[in-house]
Amino acid sequence: MTVPRITPDTDTLRRLPKAVLHDHLDGGLRPATLVELADTIGHTLPTTDPDELAAWYVEAAGSGDLVRYIATFEHTLAVMQTREGLLRTAEEYVLDLAADGVVYGEVRYAPELMTKGGLTLSEVVEAVQEGLAAGMAGAAAAGTPVRVGTLLCGMRMFDRTREVADMVVAFRDAGVVGFDIAGAEDGFPAADHLDAFEHLRRESVPFTIHAGEAHGLPSIHQAVQLCGAQRIGHGVRITEDIVDGELGRLAGWVRDRRIALEMCPTSNLQTGAAGSIATHPVTALKDLGFRVTLNTDNRLVSGTTMTREMSLLVEQAGWTVEDLRAVTVNAVKSAFLPFDERNALLRDMVLPGYDSVR
Ligand SMILES: [Zn+2]
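Predicted model only: the values in this text are computed from it and were never measured.

**Quick word on the overall build of the protein chain**
Then, number 1: Across its full length, the protein chain holds 16 helices and 10 strands.
Then, number 2: C-alpha extents for the protein chain along the principal axes are approximately 60 × 45 × 40 Å.
Then, number 3: Taken over 358 residues, the protein chain has a buried fraction of 56%.
Then, number 4: In the protein chain, once contacts between residues fewer than 6 apart in sequence are set aside, the share between residues at least 24 apart is 76%.
Then, number 5: Here the protein chain has roughly 14,300 Å² of accessible surface; of this, 51% comes from carbon and sulfur atoms.
Then, number 6: Once the 32 positive and 50 negative side-chain charges of the protein chain are each reduced to a mean point, those two points are 7 Å apart.

Here is the structure:
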């Protein structure tokens with residue numbers, strides 16, 4: 001029997017089980033929650049209308065510059081300096097993932113950016129874990145279970161990465177599954193933080209590094225070969241090491257060692273790392289056999305969801321359900337979870353969901 005090739009509609013896409021590895025907690029608040037929390041602390045927003053605020057983000061973050069993109073986070077971070085703010089944003093984060101059909105997510109944030117209200121790094125992590133647990137309980141009760149692991153980010157412009165790495169080790173049995181460094185890539189090399197990465201390697205803790213977004217191959221080379229990242233945040237500029245389908249040494253290493261690329265198409269359009277969905281390297285890299293994963297990066301700031309990213313690729317880059325299944329399987333394979341738990345996720349949640357739309 002030949003399998004009919006369907007063009008999935010948005011409802012079908014929303015129901016597909018998804019896995020997201022690259023999504024920032026402070027980039028994904030609900031606009032209405034941001035308005036409400038800002039009001040309670042007297043923080044001034046560009047507008048207090050939730051719809052206008054959502055539109056403002058997409059506009060303000062779409063300047064084509066990573067540094068200006070990051071600057072829009074001042075408002076979300078302003079309301080994430082208290083235990084109450086963290087509990088609420090973390091709980092809603094999980095519920096929103098569940099509503100988007102996500103069955104496994106890795107949320108990331110930089111605890112050092114959330115201490116202005118007097119919380120310690122530990123207190124920040126504890127509050128977020130508590131909020132995430134409440135969200136997971138709520139999603140399970142609603143019949144849409146989702147598991148969320150946490151990545152703690154160190155900021156590459158500052159000097160607290162080793163301290164944050166210590167936090168990852170301290171909370172590794174409490175839901176923190178890995179580490180990342182974030183912030184302005186250009187001018188702030190990952191190798192400046194070797195101390196943190198070496199510590200994590202000694203402790204057998206996995207990590208990813210934002211690289212190959214605002215800076216090119218040298219940044220990816222450092223992340224993979226000097227620091228030892230198991231995954232790369234974005235990595236779009238690995239294409240600079242591919243000429244007419246021929247892979248250079250570094251691109252070959254990334255593909256052959258199955259180093260996952262956490263690709264975020266809409267975010268890349270906003271920061272200028274890619275020109276259009278149709279020409280975004282995610283499609284070519286998938287076709288070349290890289291371990292490509294699909295991600296949102298910042299749902300509020302980029303005005304997106306996993307369902308929307310999938311829709312865009314289906315509509316503008318010719319992706320099929322098979323392609324969506326492949327990148328979801330890739331994400332689960334590269335999740336910072338134990339092997340048996342990844343297999344169980346695939347067997348029990350992901351594969352049955354894709355089989356049902358064939
Ligand atoms: Zn990111």
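Continuing now.
**With respect to unusual backbone geometry**
Then, number 1: Non-glycine residue Ser 204 carries a positive phi angle of around 55°.
Then, number 2: Residue position: Ser 204 is located in the loop between helix H9 (194-202) and strand S5 (208-211).
Then, number 3: Positive phi outside glycine occurs at Asp 244, with the angle close to 50°.
Then, number 4: Tracing the sequence through the fold places Asp 244 in the loop between strand S7 (242-243) and strand S8 (246-247).
Then, number 5: Judged by its relative accessible area of 78%, Asp 244 is exposed.

**Description of the pairing of strand S9 (residues 260-263)**
Strand residues, when the strand is regular, have side chains that alternate between the two faces of the sheet.
Then, number 1: With burial as the criterion, each face of S9 is covered, one bearing Ala 260 and Glu 262 and the other bearing Leu 261 and Met 263.
Then, number 2: In this structure, strand S6 (residues 231-234) lies alongside S9, joined through three bridges in parallel fashion. When the sheet's bridge partners are listed, Ile 232 is paired in S9 with Leu 261.
Then, number 3: Where S9 meets strand S10 (residues 292-294), three bridges bridge the pair, whose relative direction is parallel. Within S10, the residue paired with Glu 262 across the bridge is Thr 293.

**Looking at the pattern of salt bridges**
Then, number 1: Counted according to the given criterion, the structure contains 23 salt bridges.
Then, number 2: Of the charged contacts in the structure, one is a salt bridge between Arg 299 and Asp 23, with a shortest N-O distance of 3.0 Å. Of the two residues, Arg 299 is situated in the loop between S10 and helix H14 (306-317) and Asp 23 in strand S1 (residues 18-24); the sequence distance between them amounts to 276 residues. Of the two residues, Arg 299 and Asp 23, neither departs from the other in class, the shared state being buried.
Then, number 3: Here the salt bridges do not stand alone but share partners, grouping Arg 30, Glu 36, Arg 88, Glu 92 and Asp 96 into one network.

**Here we look at the packing of helix H6 (residues 83-99) against helix H7 (residues 121-141)**
Then, number 1: Between H6 and H7, the shortest axis-to-axis distance is 7 Å and the interhelical angle comes to 35°. H7 is crossed by H6, and the crossing has right-handed handedness. For the pair H6 and H7, the contacting residues are Arg 83, Leu 86, Leu 87, Ala 90, Glu 91, Tyr 93, Val 94, Leu 95 and Ala 98 in the first and Val 124, Ala 127, Val 128, Glu 130, Gly 131, Leu 132, Ala 134, Gly 135, Met 136, Gly 138 and Ala 139 in the second.
Then, number 2: For the contact of H6 with H7, the per-class residue count stands at 14 nonpolar, three polar and three charged.

**Quick word on helix H2 (residues 31-41)**
It helps to recall that an α-helix has 3.6 residues per turn; residues three or four apart then point in one direction.
Then, number 1: Of the residues making up H2, those classed as buried are Thr 33, Leu 34, Val 35, Leu 37 and Ala 38.
Then, number 2: Here the buried face of H2 lies against helix H3 (50-60), helix H5 (73-78) and H6.
Then, number 3: Positive phi shows up at Gly 42, right after H2, with a value of about 75°.

**Details of helix H15 (residues 321-333)**
Then, number 1: With 13 residues, H15 ought to run about 18 Å at 1.5 Å a step, and its terminal C-alpha atoms sit 18 Å apart, in line with that.
Then, number 2: Within H15, burial applies to Val 321, Asp 323, Leu 324, Val 327, Thr 328, Val 329, Asn 330, Ala 331 and Val 332.
Then, number 3: Contacts made by the buried residues of H15 are with helix H1 (10-15), S1, helix H13 (281-287), S10, H14 and helix H16 (339-355).

**Quick look at the sheet that holds S10**
Then, number 1: In spatial order, the strands read S5-S6-S9-S10; together these four strands make up an open sheet with parallel pairing. Strands with a single pairing partner mark the edges of an open sheet, and in this sheet they are S5 and S10. Sheet twist, expressed as the average angle between the axes of neighbouring strands with direction ignored, equals 30°.

**A short note on the side chain of Thr 208**
Then, number 1: Here Thr 208 is to be found in strand S5.
Then, number 2: Only 3.2 Å separates the side chain of Thr 208 from the backbone oxygen of Arg 231, close enough to count as a polar contact.
Then, number 3: Apart from residues no more than four positions distant in its own chain, Thr 208 is found in contact with Arg 108, Leu 151, Phe 179, Asp 180, Ile 181, Ala 229, Arg 231, Ile 232, Gly 233, Glu 262 and Phe 336.

**A few points about the coordination of the zinc ion**
Then, number 1: Looking at the zinc ion, one finds its protein donor set to be His 22 (NE2), His 24 (NE2), His 210 (NE2) and Asp 297 (OD), positioned 2.1 to 2.4 Å from the metal centre.
Then, number 2: Here the zinc ion binds four donor atoms, and the angle range of 83 to 169° at the metal identifies the geometry as irregular.
Then, number 3: Site description for the zinc ion: donor spacing in sequence, H-x1-H-x185-H-x86-D. Each member of the pair, His 22 as well as His 24, carries the same accessibility label: buried.

**Structural notes on the layout of surface pockets**
Then, number 1: What the largest pocket holds in volume is close to 380 Å³.
Then, number 2: Considering the residues around the largest pocket, the lining is formed by 25 residues, among which Ile 70, Phe 73, Met 155, Ala 182 and Gly 183 are closest to the centre.
Then, number 3: Listing elements by their share of the lining of the largest pocket, those giving two or more residues are helix H4 (66-71), H5 and strand S3 (147-155).
Then, number 4: Looking at which element gives the most residues to the lining of the largest pocket, the answer is H4, with five residues.
Then, number 5: Among the residues forming the lining of the largest pocket, the class breakdown is 16 nonpolar, five polar and four charged.
Then, number 6: Put simply, the second largest pocket is a space of about 270 Å³.
Then, number 7: In terms of lining, the second largest pocket is formed by 16 residues, of which the most central are Arg 172, Val 176, Val 177, Phe 336 and Pro 338.
Then, number 8: Mapped onto the lining of the second largest pocket, the elements with two or more residues apiece are H7, S3 and strand S4 (176-182).
Then, number 9: When residues of the lining of the second largest pocket are assigned to their parent elements, the largest contribution, three residues, is made by S3.
Then, number 10: Of the residues contributing to the lining of the second largest pocket, the split by class is nine nonpolar, four polar and three charged.

Parameters and conventions
Residues numbered from 1 in each chain as written. Predicted model: local features only at pLDDT ≥ 70, side-chain atom pairs only at ≥ 80, totals over all residues. Heavy atoms only, no water. Helix = DSSP H or I, 4+ residues; strand = E, 2+ residues; numbered from the N terminus. Buried < 20%, exposed > 50% of the residue type's maximum accessible area, 1.4 Å probe, protein only. Contact = heavy atoms within 4.5 Å. Areas by Shrake-Rupley, 256 points an atom, 1.4 Å probe, with all protein chains shown as cover. Lys, Arg positive; Asp, Glu negative; His and termini not counted. Charge placed at Lys NZ, Arg CZ, Asp CG, Glu CD. Pairing = 2+ DSSP bridges. Salt bridge = Lys/Arg side-chain N within 4 Å of Asp/Glu carboxyl O. Axes fitted to C-alpha atoms, helices over the stretch in contact; angles between N-to-C directions. Left-handed = near helix turned anticlockwise from the far one by under 90°. Nonpolar A, V, L, I, M, F, W, Y, C, P; charged D, E, K, R; others polar. Expected span 1.5 Å × (residues − 1). Polar contact = N/O pair within 3.5 Å; in protein donor to acceptor, adjacent residues only side chain to side chain. Donors = N, O, S within 2.8 Å, 3.2 Å for Na, K, Ca; no water. Tetrahedral: all angles 85-135°; square planar, octahedral: opposite > 155°, others 65-115°. 1 Å grid on protein atoms, 1.4 Å probe; cavity = no way out; pocket = protein on both sides within 12 Å on 5 of 7 lines; lining within 4 Å. Points joined across faces, edges and corners; volume = space filled by probe spheres on them.

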